[in-house]
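Descriptive structure summary
Listed here are the chains, written in short residue letters.
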Amino acid sequence: MDVLVNIDAASMSPIGLFMQADWVVKFVMLGLLAASIWTWAIILTFLGRLRRVRRDTEAFVEEFERTEDIDAFHKKHVTGKSAVAHVFAAGVREWRRSTASTTIDRDGTRERLATSMGSAVAEEVDKLSDRLNVLATIGSVAPFVGLFGTVWGIMRSFTGIAQAQNTSLAVVAPGIAEALFATAIGLFAAIPAVIAYNRYSHRINQVEARLNRFADAFHATLSRQLEGVD
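Residues numbered from 1 in each chain as written. Predicted model: local features only at pLDDT ≥ 70, side-chain atom pairs only at ≥ 80, totals over all residues. Heavy atoms only, no water.

**Focus on the overall build of the chain**
Of the regular secondary structure elements, the chain holds eight helices and zero strands. Of the regular secondary structure in the chain, the N- to C-terminal order runs α-α-α-α-α-α-α-α. Every one of the 230 residues in the chain was classed for burial, and the buried ones make up 42%. Nonlocal contacts in the chain, meaning residues at least 24 apart in sequence, comprise 78% of its contacts between residues at least 6 apart. A total of about 13100 Å² of accessible surface is found on the chain, and carbon and sulfur atoms cover 61% of it. (Helix = DSSP H or I, 4+ residues; strand = E, 2+ residues; numbered from the N terminus. Buried < 20%, exposed > 50% of the residue type's maximum accessible area, 1.4 Å probe, protein only. Contact = heavy atoms within 4.5 Å. Areas by Shrake-Rupley, 256 points an atom, 1.4 Å probe, with all protein chains shown as cover.)

Shown next as structure tokens:
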């Protein structure tokens, strides 16, 4: 603990380096620390959300595959909040609108069903991807913000060296260390953000593919029913 809180002139502890830093570097460090906290909040939120979406989707699809009465199934899930339930509801709404008239355009109905459920899938994926762009932004910008803090800190250190006219390691090391610490914080924020962005993008693509497969299966079911409609 002493290493973390020691703030004397020669301290190389994180808190010591922060306390010794110029106000510009301190501002950079605080901003990067806030970005890191935000990153982990998004990571944990997405982790729970994606697990819930996958669980709800698989349970819904398994029940749908066992059902023989789509109307009864719809009544049971009409208030469903899951992504797959919204795709299903979009298909049912379009089916009812398209088959309400006495004359039914089968090809047009099929196209409208595909469009309606495709739009529902895209909407759910957009909702699921919300704030994912924040991870991409932090992952790409944080290292450069940290580098700015490093450059500023090194320039300040060189100015101090010139004023003191002393290039000994004891004089140079603290300033260089606090400057490089800004880059370290930038990487600490950026690395998890990049890893999480890539991983969650892949997971969201998997969810989108699963929703599209369900939409295709439901479209095929309605298409078969359409053959029997006069």
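**Observations concerning the layout of surface pockets**
Taken as a whole, the largest pocket spans an internal volume of roughly 220 Å³. Those elements that place two or more of their residues in the lining of the largest pocket are α3 (23–66), α5 (83–98) and α6 (106–128). Sorting elements by how many residues they give to the lining of the largest pocket places α3 first, with five residues. For the lining of the largest pocket, the per-class residue count stands at four nonpolar, three polar and six charged. (1 Å grid on protein atoms, 1.4 Å probe; cavity = no way out; pocket = protein on both sides within 12 Å on 5 of 7 lines; lining within 4 Å. Points joined across faces, edges and corners; volume = space filled by probe spheres on them. Nonpolar A, V, L, I, M, F, W, Y, C, P; charged D, E, K, R; others polar.)

**Observations concerning the packing of α5 against α6**
At a minimum axis distance of 9 Å, the contact between α5 and α6 shows a crossing angle of 155 degrees. For the element pair α5 / α6, the angle class is roughly antiparallel. As α5 runs across α6, the sense of the crossing is right-handed. When α5 is examined against α6, the residues Ala83, His86, Val87, Ala90, Gly91, Glu94, Trp95 and Ser98 are found in contact with a partner set consisting of Thr109, Arg112, Leu113, Ser116, Met117, Ala120, Val121, Glu124 and Lys127. (Axes fitted to C-alpha atoms, helices over the stretch in contact; angles between N-to-C directions. Parallel < 35°, antiparallel > 145°, perpendicular 65-115°, else oblique. Left-handed = near helix turned anticlockwise from the far one by under 90°.)

**Observations concerning the confidence of the model for the chain**
Averaged over all residues, the pLDDT of the chain equals 84, while 87% of them reach at least 70. Ranking the elements of the chain by mean pLDDT puts helix α1 (residues 2–5) last, at 39, and α6 first, at 92. Taken as a whole, residues 1–10 scores under 50 in pLDDT and shows 17 contacts with residues more than four places along the chain or in a different chain. (pLDDT = per-residue confidence, 0-100.)

**Considering the packing of aromatic side chains**
This structure, assessed with the given rule, holds 13 aromatic pairs. Ring plane angle 90 degrees and centroid distance 5.2 Å describe the contact between phenylalanine 73 and phenylalanine 88, whose orientation is recorded as edge-to-face. Placement of phenylalanine 73 in helix α4 (residues 70–77) and of phenylalanine 88 in helix α5 is noted, with a sequence separation of 15 residues between them. Members of the aromatic cluster, connected to one another through ring pairs, are Phe60, Phe64, Phe73, Phe88, Phe214 and Phe218. The lysine or arginine in question, arginine 49, covers the ring of phenylalanine 46, its NZ or CZ lying 5.1 Å from the ring centre. (Phe/Tyr/Trp six-rings, centres within 6.5 Å; stacked < 30°, edge-to-face > 60°. Lys NZ or Arg CZ within 6 Å of the ring centre and 35° of its normal.)

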